[in-house]
Amino acid sequence: MSTVYLAIQISVGRIVALKVMNPGLTSDPAFSERFQREATIVGQLSHPNIVAIYDIGRTDDLNYIAMDYLPNGSVHDKMINGMTGEEALRVTKEIANALDHAHEKGYIHRDIKPENILFRADNSAVLSDFGVAKGIVGVSRMTHVGTVVGTPHYMSPEQTRGQTVDARSDLYSLGVLFFEMLTGFLPYQGEDAVTIALKHISAPIPKLPLQYQAYQKILEKFLAKDPEQRFQSGQEVSAAIEQLDAAAKTPYITSSAPENLSVMALIRALITATGHAIKWRWNKLVNLRWSTSKGFHTKKVSNDSVYGSEIAPTIFATRIQQQTHVNASLIGTGKSLTRALIAFGISVALWCILSLLLQANFSQYLSHLPSLIKSPIQATAGLFLSVPTKQQTNPRANLHSSVNASSQLSLQNSAASVASQHASAQSSVASSSQSSSQVSSTAPTYALTLKVTPDDARIRLLNIANKYKDGIALPSGRYHIELSKTDYKTKTEWIEIKSEPLTVAFTLEPDLEASSNPAKAAIPNIVYGGKNAPALVRIPGGSFMMGSDSNMHTAPAHKVTLKAFAISKYEVTFAEYDYFAQLTNKPLPGDNGWGREDRPVIHVSWNDAVAYAQWLSKTTGKKFRLPTEAEWEYTARAGSTGNYWWGDNEADAKGKANCRRGCSSNFSGLFGSKTAPVGSYAPNAFGLYDTAGNVSEWVQDCYQDNYKNANANGSAIEEKTCAGRVVRGGSTKDNVQHLISSARDNIPSGYLTETLGFRLVMELN
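Report on the accompanying structure. (Residues numbered from 1 in each chain as written. Predicted model: local features only at pLDDT ≥ 70, side-chain atom pairs only at ≥ 80, totals over all residues. Heavy atoms only, no water.)

1. Re the overall build of the chain
Where we set the bar: Secondary structure elements follow DSSP: runs of H or I no shorter than four residues count as helices, runs of E no shorter than two count as strands, and numbering proceeds from the N terminus. Working definition: with a 1.4 Å probe on protein chains only, accessible area under 20% of the residue-type maximum means buried, over 50% means exposed, and in between means partly exposed. Note on definitions: a residue-residue contact is assigned when non-hydrogen atoms from the two residues lie within 4.5 Å. Surface accessibility in these figures is a Shrake-Rupley result with a 1.4 Å probe; residues are shielded only by whichever protein chains are displayed.
Scanning the chain for helices and strands turns up 18 helices and 29 strands. Out of the 765 residues belonging to the chain, those deemed buried represent 49%. In the chain, the share of contacts with a sequence separation of at least 24, taken over all contacts with a separation of at least 6, comes to 65%. Accessible area of the chain: about 37,100 Å², with a carbon and sulfur share of 54%.

Printed below as a string of structure tokens:
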């Protein structure tokens with residue numbers, strides 16, 4: 001509907017946010033009325049937690065509103081980094097106060113969501129975007145009976161039905177936002193708006209995680225299906241939060257309801273109740289008696305209480321009573337047991353945390369510790385993390401072989417074949433550990449001869465650096481071979497040399513699709529970049545339309561012509577980067593416990609990626625660098641003009657990309673997502689893997705807001721002072737919509753995170 005610019009109101013020298021209506025909507029009276037209504041409504045509202053309007057007008061057929069400039073981002077931005085329970089309560093209270101003011105003035109917002117709540121420099125929350133707000137009294141031509149206006153994930157049951165809504169509908173939406181700020185995800189999700197709406201109408205209210213159980217009662221009152229059972233005003237919400245804050249500061253267990261207890265109080269209650277339950281069981285056992293008349297029975301004692309009787313206790317009842325309500329003698333005798341349980345629990349928790357920290361951040365040093373210490377640490381960490389094997393924790397031993405073995409996985413065979421090849425690759429690393437770039441002269445060798453039809457097919461040995469030639473002498477072991485030729489289907493196989501010469505014959509199948517797919521027909525051969533260099537694909541020169549006019553940051557779409565170059569077939573892996581880091585005494589980047597070796601390296605900055613490229617150039621004599629933004633998009637599209645390399649349908653992402661939602665990824669679940677080993681998904685038409693998803697990739701260019709100054713030859717945009725670098729491709733943490741080939745982000749060059757990696761270009765002479 002509109003675009004917001006950062007501007008200066010010259011008359012008073014004030015920085016403002018200037019909201020300008022899309023010129024194409026000016027002729028539509030409904031949109032013009034909505035735009036005018038927003039200014040009219042906000043102009044009547046004066047509240048510290050509601051955005052202020054300074055000016056409204058029209059010039060050169062452009063409608064505009066000048067309003068508060070709010071520099072600290074939105075709730076959506078804060079949720080990316082995680083919000084504490086206290087912060088979520090504060091924001092909820094401030095927005096509830098803002099809504100209370102708006103409702104008193106007779107206006108309903110109808111579009112409460114993370115993007116519409118912004119923050120001032122002092123971090124106070126501000127409600128913005130009253131574009132779809134309506135008056136409680138009166139009728140506007142903007143909407144009609146039965147019309148649904150709002151954002152599906154945040155709409156109340158009555159709003160989804162298109163019924164008349166009041167202030168309580170806004171409070172329901174605020175409750176959805178409250179849940180999302182606490183948990184990081186939405187309470188109701190579905191494939192389409194209808195499914196989501198039905199869940200808002202009939203699905204049960206979700207439960208908060210254990211650490212937020214004290215907030216459950218507030219959430220249930222926010223999300224009640226019947227408006228009569230919800231909070232009736234923002235002031236009522238604010239009062240409930242204040243009451244909860246006061247209860248949370250109480251240092252001891254009280255007779256308050258569970259929702260008014262602090263987290264520490266709940267923990268103390270749990271420990272106390274567990275101790276008494278154990279005591280009750282022990283009393284049952286020691287007082288067990290037998291008689292011919294009664295059989296087995298429990299002996300009664302003079303100081304029986306609820307814990308000494310035959311009534312078993314529960315850990316939490318409807319109300320948790322004060323400790324003084326429990327029999328004093330039982331508390332006295334159970335003190336030592338309770339203290340022992342507390343000490344034991346704290347010790348176990350500290351040991352687990354220490355083991356996780358050591359394994360996640362200092363795994364390379366654990367091998368130097370005595371086995372008596374190292375083994376318990378790795379065993380404990382293994383309960384939570386994927387702990388590397390002994391061979392994996394020493395990448396110096398045979399890193400180059402493992403790099404090639406892991407990074408050349410192919411998805412051209414069936415899923416079962418890929419799994420067996422990957423398992424074989426692990427064993428081949430061990431068998432080939434006696435040689436990297438040169439075959440060991442001490443081990444016996446045997447001649448290998450491959451007969452391929454057609455006879456001019458290219459033959460490569462993927463898990464060692466040696467170039468193939470007929471009769472090449474190799475030691476016993478398993479070898480991963482690749483057979484390729486233009487217009488034929490590439491074949492990858494594992495063969496095993498035992499204690500005798502080996503001759504194997506292969507026949508390549510013609511690729512009947514190549515003639516009808518120019519991009520596929522142009523798939524080039526693998527390029528050898530030198531020892532320790534990642535596998536590279538030669539990309540033919542050509543022209544393409546870069547960018548998209550659908551987004552201001554990717555516009556204008558423009559023609560770019562590129563020369564031929566070579567680019568990494570896969571994203572640079574941990575195995576490849578770790579080898580460089582150890583040789584140059586750089587710290588090894590963390591892997592989040594997801595695994596190293598053939599997974600894409602993460603937690604590397606743009607500066608780290610450039611340093612790796614420079615080191616590779618120096619050691620190989622070839623020219624390596626980060627791809628320019630144009631080179632990256634050219635190879636990512638691989639001849640496609642659609643949103644994705646596979647076309648325009650985001651539903652076709654399954655099996656082609658690893659992302660958070662929309663890809664049906666095996667590496668994404670209910671509680672998060674992680675990177676996949678490179679090559680786990682299908683390649684694009686250029687034979688490149690993971691150009692969509694897995695990790696976002698650094699490129700060479702300084703970030704520009706648009707392509708107005710882009711170079712027609714695809715060279716990188718550089719500046720003396722570069723505030724941010726371009727990142728492309730989307731990651732495992734993004735939804736499928738962010739994986740489109742033209743999407744781009746702006747990240748400072750020193751920034752490193754679990755979502756960022758890179759691939760390299762090698763210039764061709």
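From this point, things continue past the structure.
2. Thoughts on the state of the cysteines
Inclusion rule: To count as a disulfide, a pair of cysteine sulfur atoms needs to be within 2.5 Å.
Taken as a whole, this structure holds two disulfides when the rule is applied. Two residues, Cys-659 and Cys-663, share a disulfide whose sulfurs are 2.0 Å apart. Across the disulfide from Cys-659 to Cys-663, rotation about the S-S bond amounts to roughly 110°, and the bridge is consequently right-handed. You can call Cys-659 buried: its relative accessible area is 0%. In this structure Cys-663 comes out as buried when scored by relative accessible area, which is 0%. Here Cys-702 connects covalently by a disulfide to Cys-722, the sulfurs 2.0 Å from one another. Placement of Cys-702 in strand 25 (residues 696-702) and of Cys-722 in the loop between strand 25 and strand 26 (725-728) is noted, with a sequence separation of 20 residues between them. Owing to a relative accessible area of 1%, Cys-702 belongs among the buried residues under this scheme.

3. With respect to the nonpolar core
Rule in force here: Definition used in this section: a nonpolar core is a set of buried Ala, Val, Leu, Ile, Met, Phe, Trp, Tyr and Cys residues joined via side-chain atoms within 4.5 Å.
Counting 58 residues, the largest nonpolar core has Val-75, Val-91, Ile-117, Phe-178 and Tyr-215 as the members making the most contacts within it. For this core, the element with the most residues is helix 5 (residues 167-183), which contributes nine residues. Apart from residues no more than four positions distant in its own chain, Val-91 is found in contact with Val-75, Met-83, Ile-117, Phe-119, Ala-125 and Met-181. In this structure, Ala-566, Phe-624, Leu-626 and Phe-758 belong to the second largest nonpolar core, which totals 30 residues.

4. Description of unusual backbone geometry
Following Thr-453, the chain continues to Pro-454 via a peptide bond in cis, the omega torsion being 0°. In this structure, the amide linkage connecting Ala-555 to the following residue, Pro-556, adopts the cis form with an omega of -5°. Residue position: Pro-556 is located in the loop between strand 19 (542-546) and strand 20 (558-562). Despite not being glycine, Ser-664 shows a phi value in the positive range, around 50°. Note that Ser-664 resides in the loop between helix 18 (629-637) and strand 23 (668-669).

5. Brief notes about helix 17 (residues 606-620)
Along an α-helix, residues three or four apart share an orientation, since each turn contains 3.6 residues. Test applied: Given a helix with a known number of residues, its expected span is that number minus one, times 1.5 Å.
Relative to the 21 Å expected for 15 residues at 1.5 Å per residue, helix 17 spans 21 Å between its end C-alpha atoms, a close match to the ideal helical length. Along helix 17, the positions that sit buried rather than exposed are Trp-606, Asp-608, Ala-609, Val-610, Tyr-612, Ala-613, Trp-615, Leu-616, Ser-617 and Thr-620. Of the surrounding secondary structure, the elements contacted by the buried residues of helix 17 are helix 16 (574-583), strand 22 (624-625), strand 25 and strand 26. Residue Gly-621 follows helix 17 closely and has a positive phi angle near 80°.

6. Here's the deal with the packing of aromatic side chains
We count it as follows: Within 6.5 Å between ring centres, the rings of Phe, Tyr and Trp (the latter by its six-membered ring) count as paired, and their orientation is classed by plane angle as stacked under 30 degrees, edge-to-face over 60, tilted in between. As a reminder, the over-ring test applies to NZ of lysine and CZ of arginine, requiring each to be within 6 Å of the ring centre and within 35 degrees of the ring normal.
All told, the structure shown has 19 aromatic pairs when counted by the stated rule. With a centroid separation of 6.0 Å and an interplanar angle of 45°, the aromatic rings of Phe-178 and Phe-222 are classed as tilted. Here Phe-178, found in helix 5, pairs with Phe-222, found in helix 7 (residues 216-222); they are 44 residues apart in sequence, far enough to count as distant. Measuring from ring centre to ring centre gives 5.3 Å for Phe-580 and Tyr-612, while their planes differ by 75°; the resulting arrangement is edge-to-face. Note that Phe-580 is positioned in helix 16 and Tyr-612 in helix 17, a separation of 32 residues in sequence. Tyr-612 carries the same exposure label as Phe-580, and that label is buried. One aromatic cluster is present, built from ring pairs that chain together Tyr-577, Tyr-579, Phe-580, Tyr-612, Trp-615 and Phe-758. A cation over an aromatic ring shows up here: Arg-14 above the ring of Tyr-54, its NZ or CZ 3.7 Å from the ring centre. Stacked on the ring of Trp-606, the Lys or Arg Arg-725 has its end atom at 3.7 Å from the ring centre.

7. Quick look at the environment of Arg-460
Here Arg-460 lies in strand 12 (residues 458-461). Put simply, Arg-460 and His-480 are 20 residues apart on the chain and 8.4 Å apart in space, counted from C-alpha to C-alpha.

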